[in-house]
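# Structural characterization, general
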Amino acid sequence: MIVWGISGNSHDAAIAVFQHGELVFASHSERYSGIKNDRNLCRDLVMAAKRYGNPDKVYWYERPFLKTLRQWYAGQGWKRRDNDIEIYMARYEINASVEYVDHHLSHAAGGYFTSNFEEACIVVVDAIGEWDTATIWEAKGDKLKKKWSLRYPHSIGLFYSAMTQRVGLKPNEDEYILMGMAAYGDKTKLTFDISHDFIDNYGNLKFIRNCHRGVQDWRPDLAVKDSFEIAAGVQDVYEDYFTHLLIKAKKLVNSNNLVLMGGCALNCLANRHTGDYFENTWIMPNPGDAGSAVGAVLAKHPEWKINNFNPYLGYDMGYRTPNEEIVNYLENNKICGVARGRAEFGPRALGNRSLLADPRGENIKEKVNEIKQRQQFRPFAPAILEELVDEYFIMPRGWSDSRYMQVVANLRNPELYPAIVHRDGSSRVQTVPKDGSLFRQLLEMWYARTGCPMLLNTSLNIKGQPMVNDHADAKNFERHYGVKVFN
Ligand SMILES: [Fe+2]
């Protein structure tokens, strides 16, 4: 039996394929269409999924009718036809019966049934589902029970996106840039004002104003030069709010295990705080809506629970180059790309579609920034052998590993690795486990050769485009930047 989960018609569309109860493929539309965060499915992705056979059943990650009602309530018009998923699927020649799953249930199930927990407290935080914007769930065995929810228009995710737009960035896409800017601002300047103007009460987690239509009118006295102060204030308010949400979750559900999901689970600065309330934290490597392609299926088939989740679920490029050749090249040239094996399902390059560099030395960050053409203030992430992470980083409480770059940690000797440390001394660290993967072996060889257990790891993509997916994309990258990409 072939079962698909689909998220689409909103932003960052994705398909997950389960074959006889096993997750065999999952990928984002953007990787096939070349359109970053592509909101729609594309034929090449559908064709790639159909290589496992036509679906017998499709689970859609949210309830379109409830979404239509909410859009109408929000003044966006009556979008019944836009949200007709059967018409939508017919456009891509997907012929299977479709069943709808609550948006936040898809998130919650995607997180819990990919964790190794047998009971947990689940917290979902995003911009908006049908109506829910934050939910808390109790999970025991294969049962999930919603204990609390916050509904539109109250939404910390909408607030963060609106503020992203307020500083001139793209909402629903550039939130991570706002987060990176926060380290350059003084949070004592605007945190109080932002909190006063937006948050009604940290106790009930409600908002004073609806941020759905943007907050461009907020504080016209603040100029572009104040953007870093705004970012610092927004991040500080977010972390306060998030902490209150964790406290509420802890009160409602008696568990030491936290499953955190929703687009806000990508806020790796705020994620440092989960260990203050829960002993263990699990965030699925793809906690946003695209990951709900997996979650929608698991919500209906908890018996297909996945232990030791593997995020390498996309297009398989295989590999040709021995690691030794890549390490030799890196030693001499300091920077190269790798595009090999199956593509990551999720927003982070975890070693299969990565631009790698020696993290030591002064000018590496500038060199990589020249290639990536991004703001100079933004840091790059390190990938480190998992067993050595405590020697190099002070990991936040409750985070013994960070395999999917989900939390920041402070570097013990930041002066030695300027390319991978942020202004505030933190790094978004990727701990690479002993899983025998090609990337792990490459890092081991690099360590044996250089004595440095880390490599700078950033996603392999041309500016403004999604990550490299296949051989043609890798060649394009090589031609565009003149940087060697190994397969
Ligand atoms: Fe969501």
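Here we come to the overall build of the protein. Looking only at helices and strands, the protein features 15 helices and 23 strands. Counting only C-alpha atoms, the protein reaches 60 × 55 × 40 Å along its principal axes. Relative to all contacts within the protein whose residues are 6 or more apart in sequence, the contacts with residues 24 or more apart total 68%. Entry remark: accessible area of the protein is about 19,400 Å², with carbon and sulfur atoms responsible for 47%.

The subject of this paragraph is the coordination of the iron ion. Within the protein, His103 (NE2), His107 (NE2), Asp126 (OD) and Asp289 (OD) serve as the donor atoms for the iron ion, at 2.1 to 2.3 Å. Coordination geometry of the iron ion: the four donor atoms subtend angles of 85 to 176° at the metal centre, consistent with an arrangement described as irregular. Residue classification places Asp289 among the buried positions, given a relative accessible area of 9%.

Okay, the pattern of salt bridges next. This model, assessed by the stated rule, comprises 27 salt bridges. Residues Glu93 and Arg43 are paired through a salt bridge, measuring 3.9 Å at the closest nitrogen-oxygen approach. With Glu93 in the loop between helix H4 (85-91) and strand S5 (97-100) and Arg43 in helix H2 (residues 43-50), this residue pair connects regions lying 50 residues apart in the sequence. A salt bridge links Arg360 to Asp358, with the nearest nitrogen and oxygen atoms 3.0 Å apart. Its relative accessible area of 30% is what places Arg360 among the partly exposed residues. Among the ionic contacts, a cluster of salt bridges with common partners joins Lys57, Glu99 and Lys300.

Strand order in the open sheet formed by six strands is S21-S17-S22-S16-S14-S23, and the pairing between neighbours is mixed. Because the sheet does not close on itself, it has two edges, and the strands there are strand S21 (430-432) and strand S23 (485-486). The pairing of strand S14 (residues 335-339) with strand S16 (residues 353-357) spans five bridges and is classified as antiparallel. The residue of S16 that forms the bridge with Cys336 is Leu356.

Right, let's talk about the packing of aromatic side chains for a bit. Under the criterion given, the structure shown has 21 aromatic pairs. Grouping aromatic residues by their ring pairs yields a cluster made of Phe159, Phe198, Phe207, Trp218 and Tyr241. Above the face of the Phe486 ring, Lys484 is positioned so that its terminal group lies 5.4 Å from the ring centre.

Here the bond from Tyr152 into Pro153 is cis, since omega is 10°, no more than 30 degrees from zero. Mapping Pro153 onto the fold places it in the loop between strand S8 (143-151) and helix H6 (156-166). Positive phi, normally seen in glycine, also occurs at Glu93, with a value near 55°. Residue classification places Glu93 among the partly exposed positions, given a relative accessible area of 49%. Even without glycine at this site, Lys334 takes up a positive phi of about 75°. Looking at where Lys334 falls in the secondary structure, it is placed in the loop between helix H11 (323-333) and S14.

This paragraph deals with the environment of Pro396. Along the polypeptide, Pro396 turns up in the loop between strand S18 (393-394) and strand S19 (408-411). What makes Pro396 buried here is its relative accessible area of 13%. Not counting residues within four places of it along the chain, the set of residues in contact with Pro396 comprises Arg272, Val407, Val408 and Ala409.

Okay, the side chain of Asp12 next. Locating Asp12 in the fold gives a position in the loop between strand S1 (2-7) and strand S2 (14-19). Although Asp12 lies buried, it forms no salt bridge, and the closest oppositely charged side chain, Arg31, sits 6.4 Å away as judged by the N-O distance. Beyond its immediate stretch of four places on either side in the chain, Asp12 contacts Ser7, His28, Glu30, Asn37, Asp38, Arg39 and Ala290.

Interhelical geometry of H11 versus helix H14 (residues 438-450) gives an angle of 50° and a closest axis separation of 9 Å. By the angle between their axes, H11 is oblique relative to H14. The way H11 lies across H14 gives a crossing that is right-handed. Side by side, H11 and H14 meet where Asn323, Glu324, Ile326, Val327, Asn328, Leu330 and Glu331 of the first sit next to Leu438, Gln441, Leu442, Met445, Trp446, Arg449 and Thr450 of the second. Within the contact of H11 with H14, the residues separate by chemical class into seven nonpolar, four polar and three charged.

On to the side chain of Arg353, then. Its location among the elements puts Arg353 in strand S16. Among the polar contacts listed, one links the side chain of Arg353 to the backbone oxygen of Asn469, at a separation of 3.0 Å.

Scoring rules and cut-offs
- Residues numbered from 1 in each chain as written.
- Predicted model: local features only at pLDDT ≥ 70, side-chain atom pairs only at ≥ 80, totals over all residues.
- Heavy atoms only, no water.
- Helix = DSSP H or I, 4+ residues; strand = E, 2+ residues; numbered from the N terminus.
- Contact = heavy atoms within 4.5 Å.
- Areas by Shrake-Rupley, 256 points an atom, 1.4 Å probe, with all protein chains shown as cover.
- Donors = N, O, S within 2.8 Å, 3.2 Å for Na, K, Ca; no water.
- Tetrahedral: all angles 85-135°; square planar, octahedral: opposite > 155°, others 65-115°.
- Buried < 20%, exposed > 50% of the residue type's maximum accessible area, 1.4 Å probe, protein only.
- Salt bridge = Lys/Arg side-chain N within 4 Å of Asp/Glu carboxyl O.
- Pairing = 2+ DSSP bridges.
- Phe/Tyr/Trp six-rings, centres within 6.5 Å; stacked < 30°, edge-to-face > 60°.
- Lys NZ or Arg CZ within 6 Å of the ring centre and 35° of its normal.
- Lys, Arg positive; Asp, Glu negative; His and termini not counted.
- Axes fitted to C-alpha atoms, helices over the stretch in contact; angles between N-to-C directions.
- Parallel < 35°, antiparallel > 145°, perpendicular 65-115°, else oblique.
- Left-handed = near helix turned anticlockwise from the far one by under 90°.
- Nonpolar A, V, L, I, M, F, W, Y, C, P; charged D, E, K, R; others polar.
- Polar contact = N/O pair within 3.5 Å; in protein donor to acceptor, adjacent residues only side chain to side chain.

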